Amino acid sequence: MAKIKPFRGVRPPRELVEEVASRPYDVLNSDEARREADGNPKSLYHIIKPEIDFDPSTDEHDPRVYDKAVENFNAFQSNGWLVQDDDDHYYIYAQTMDGRTQYGIVIAANVDDYMEERIKKHELTRRDKEEDRMKHVRINNANVEPVFFAFPDNDVLERIIADVTKGAPEYDFTAPDGFGHHFWVIDDKATIEAITGEFARIPYLYIADGHHRTAAAALVGAEKAKANPGHRGDEEYNYFLAVAFPASHLKIIDYNRVVRDLNGLTPEEFLGRLEKDFIVEARGADIYKPEKLHNFSLYLAGTWYSLTAREGRYNDQDPIGVLDVTISSDLILRDILGITDLRSDKRIDFVGGIRGLSELSRRVDSGEMAMALALYPVSMKQLMDIADSGNIMPPKTTWFEPKLRSGLVIHKLD
């Protein structure tokens, strides 16, 4: 059962939230963060991407950069740009994109739940990326950015969300990317107890996005427990910051592929090879978007094509084999184009669906890429089924949007 708790959040005063809040550390590079924070000393980038305070030639993993994160975190608190709440709270965090709003509950999730796989994952993590975030958590003694969880729909929690959000939000603003962010503080003791009790009835939580941050937060908590001879299990370091959304609130968008060459084939030869495993239909110059599972869009030599996987060319009984990312990876990228390692092969790149399919045709028409492939998005049910089965999704399968805004609330480990 999911063990969670409320916590004393560290967060900006209402009038400063738009200056403090930022995009997550891993969706932009150092130069982009430097530009976004330009002229704004209150930007959270000074804590989560502190290399922006150094010469651009400075390695972001330089020990001085991590030290700067602590210096800036302390300065934000001294300046009153971040202030810790007096009491433990849960919070509601809602995001609006394209007229659709999703509502999550901000919680302190339990380290042991992750270590004992009651918090389920669907992606592999890399140790070097884990260690980078572990250093950031260790040195700041805080989870500065939240992780993004999903949980099976729950009527009681839906009613609580509905009741809380009838009131005026603590924060309510539209970020520069056009996404709305809305935030409520839950201070009613009975409501707090009801949330804790209801999560205790939920057998599993699911990582939607932020696998490396989740692993880092849990591993640092476990380190602290091991190092404390008087460890009891209720210390704050046994918990980490997460926003948990009912699964039906979330929408996974497409995550598409562009490839630099056709592995020595002409466009005509490539299309001919596709005929073995797909029904190939030319759709002309207008953008064609996949219509359903096992239907793909191909952009090649100025023309969009519909590719529909033929019956028998995939395994509907296999939670991994049925995924369109598996079908395309095996039958197109591997068998025809010779791309076997999606993580390291320099011939392939990935484009989040938030950029639109026009970004695919642009990269092909520019001559940078030879072809583009658009996939029908994975469903939350598929994600949760795979996590439940203990399997791991192929690389670059899911893209969640909008991303959680960082800096709305921080969780200290003491």
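Our structure is the block above this text.
First, a word on what this report is: a plain description of the structure on this page. Since we're looking at a predicted model, the values are computed, not measured.

A look at the overall build of the chain
Inference 1: Helix and strand counts for the chain stand at 13 helices and 21 strands.
Inference 2: For 414 residues, the compact-globule estimate of 2.2 N^0.38 gives 22 Å, and the chain sits close to it at 23 Å.
Inference 3: Expressed as lengths along the three principal axes of its C-alpha atoms, the size of the chain is roughly 65 × 50 × 45 Å.
Inference 4: Each of the 414 residues in the chain was classed as buried or not, and the buried ones make up 56%.
Inference 5: By element, 46% of the accessible surface of the chain is carried by carbon and sulfur atoms, the whole surface being about 18,000 Å².
Inference 6: In the chain, the 52 positive side-chain charges and the 72 negative ones have mean positions that sit 2 Å from each other.

Remarks on the nonpolar core
Proteins that are soluble and globular tend to have nonpolar side chains buried together.
Inference 1: Membership of the largest hydrophobic core comes to 64 residues, with the highest contact counts inside it found for Phe270, Leu274, Phe278, Leu298, Leu307 and Leu337.
Inference 2: In terms of nonpolar packing, the next biggest core, distinct from the first, is built from 32 residues, Phe151, Ile160, Val164 and Ala242 among them.

Things to note about the packing of aromatic side chains
Inference 1: Counted according to the given criterion, the structure contains 13 aromatic pairs.
Inference 2: Where Tyr103 meets Trp184, the ring centres are 6.5 Å apart and the plane angle is 35°; that geometry is what we call tilted. Here Tyr103, found in strand S5 (residues 100-110), pairs with Trp184, found in strand S10 (residues 180-186); they are 81 residues apart in sequence, far enough to count as distant.
Inference 3: For Trp184, a relative accessible area of 8% translates into the label buried.
Inference 4: Relative to Phe199, the ring of Phe151 has its centre 5.2 Å away and its plane inclined at 65°; by these criteria the two rings are edge-to-face. With Phe151 in strand S8 (residues 147-151) and Phe199 in helix H8 (residues 189-199), this pair connects stretches of sequence that are 48 residues apart.
Inference 5: Connected via pairs of aromatic rings, a cluster forms that spans Phe7, Tyr91, Tyr171 and Phe183.
Inference 6: Here the basic side chain of Arg133 rests over the ring of Tyr25, its NZ or CZ set 3.8 Å away from the ring centre.
Inference 7: Positioned above the aromatic ring of Trp399, the side-chain terminus of Lys403 is 4.5 Å from the ring centre.

Some words on the side chain of Asn154
Inference 1: Along the chain, Asn154 turns up in the loop between S8 and helix H7 (155-164).
Inference 2: Reaching out from Asn154, the side chain makes a polar contact with the backbone nitrogen of Leu157 at a distance of 2.9 Å.
Inference 3: Contact partners of Asn154, with chain neighbours within four places excluded, come to Glu198 and Ile202.

Let's talk about the side chain of Asp85
Inference 1: Examined against the element boundaries, Asp85 turns out to sit in the loop between strand S3 (83-84) and strand S4 (90-97).
Inference 2: There is a polar contact of 3.0 Å between the side chain of Asp85 and the side chain of Arg11.
Inference 3: Sequence-distant contacts of Asp85, that is, excluding residues within four places in its chain, are made with Arg8, Gly9, Arg11 and Tyr91.

A closer look at the pairing of strand S16 (residues 295-300)
Regular strands have side chains that alternate between both faces of the sheet.
Inference 1: The element S16 is largely enclosed, with a buried count of 6 among its 6 residues.
Inference 2: Burial along S16 is two-sided: the face carrying Asn295, Ser297 and Tyr299 and the face carrying Phe296, Leu298 and Leu300 are both buried.
Inference 3: In terms of strand pairing, S16 meets strand S17 (residues 303-309) through 6 bridges, oriented antiparallel. Paired with Leu300 across the strands is Thr303, a residue of S17.
Inference 4: The hairpin formed by S16 and S17 contains 2 residues between the paired strands, and Ala301 there has a positive phi angle of roughly 50°.
Inference 5: Examined bridge by bridge, S16 and strand S19 (residues 371-374) share 4 bridges and lie antiparallel to one another. Each bridged residue has a counterpart across the sheet, and for Leu300 the counterpart in S19 is Met371.

Considering the packing of helix H6 (residues 127-140) against helix H9 (residues 211-227)
Inference 1: Closest axis-to-axis distance for the H6/H9 pair is 8 Å, and the angle between their directions is 55°. Judged by the angle between their axes, H6 and H9 are oblique. By crossing handedness, the relation of H6 to H9 is classed as right-handed. On the side of H6, the interface is formed by Arg127, Lys129, Glu130, Arg133, Met134, Val137 and Arg138, while H9 contributes His212, Arg213, Ala215, Ala216, Leu219, Val220 and Glu223.

A look at the pattern of salt bridges
Opposite charge on two side chains makes pairing possible when the charged atoms of those side chains draw close.
Inference 1: Taken as a whole, this structure holds 35 salt bridges when the rule is applied.
Inference 2: In this structure, Glu19 and Lys42 form a salt bridge, with 3.7 Å as the shortest nitrogen-oxygen distance. Placement of Glu19 in helix H1 (residues 17-20) and of Lys42 in the loop between helix H2 (30-37) and helix H3 (45-48) is noted, with a sequence separation of 23 residues between them.
Inference 3: Residue class for Glu19 comes out partly exposed when judged on its relative accessible area of 32%.
Inference 4: Overall, Lys42 belongs to the buried group, its relative accessible area being 17%.

Some remarks on the pairing of strand S18 (residues 348-352)
Inference 1: Of all 5 residues in S18, 4 are buried; the element is thus mostly enclosed.
Inference 2: Judged from the 5 bridges that link them, strand S14 (residues 255-259) and S18 form a sheet pairing that is antiparallel. By the bridge assignment, Tyr255 is partnered in S18 with Gly352.

Some remarks on the sheet that holds S18
Pairing between the strands of a sheet is mediated by backbone hydrogen bonds and can be parallel or antiparallel.
Inference 1: On the basis of which strands lie adjacent, the open sheet formed by 6 strands has the order S15-S17-S16-S19-S14-S18 and antiparallel pairing. With one partner strand each, in any of the chains shown, strand S15 (278-284) and S18 form the two edges of the open sheet. Ignoring strand direction, the axes of neighbouring strands in this sheet form an average angle of 25°.
Inference 2: Running over the sheet, helix H11 (residues 324-334) touches S14, S15, S16, S17, S18 and S19 and is turned about 45° from S16.
Inference 3: Taken strand by strand, helix H12 (residues 358-365) contacts S14, S16, S17, S18 and S19, and its axis lies near 165° from that of S19.

What counts, and at which threshold
- Residues numbered from 1 in each chain as written.
- Predicted model: local features only at pLDDT ≥ 70, side-chain atom pairs only at ≥ 80, totals over all residues.
- Heavy atoms only, no water.
- Helix = DSSP H or I, 4+ residues; strand = E, 2+ residues; numbered from the N terminus.
- Rg over C-alpha atoms; globule rule 2.2 N^0.38 Å.
- Buried < 20%, exposed > 50% of the residue type's maximum accessible area, 1.4 Å probe, protein only.
- Areas by Shrake-Rupley, 256 points an atom, 1.4 Å probe, with all protein chains shown as cover.
- Lys, Arg positive; Asp, Glu negative; His and termini not counted.
- Charge placed at Lys NZ, Arg CZ, Asp CG, Glu CD.
- Core = buried A, V, L, I, M, F, W, Y, C linked by side-chain atoms within 4.5 Å.
- Phe/Tyr/Trp six-rings, centres within 6.5 Å; stacked < 30°, edge-to-face > 60°.
- Lys NZ or Arg CZ within 6 Å of the ring centre and 35° of its normal.
- Polar contact = N/O pair within 3.5 Å; in protein donor to acceptor, adjacent residues only side chain to side chain.
- Contact = heavy atoms within 4.5 Å.
- Pairing = 2+ DSSP bridges.
- Axes fitted to C-alpha atoms, helices over the stretch in contact; angles between N-to-C directions.
- Parallel < 35°, antiparallel > 145°, perpendicular 65-115°, else oblique.
- Left-handed = near helix turned anticlockwise from the far one by under 90°.
- Salt bridge = Lys/Arg side-chain N within 4 Å of Asp/Glu carboxyl O.

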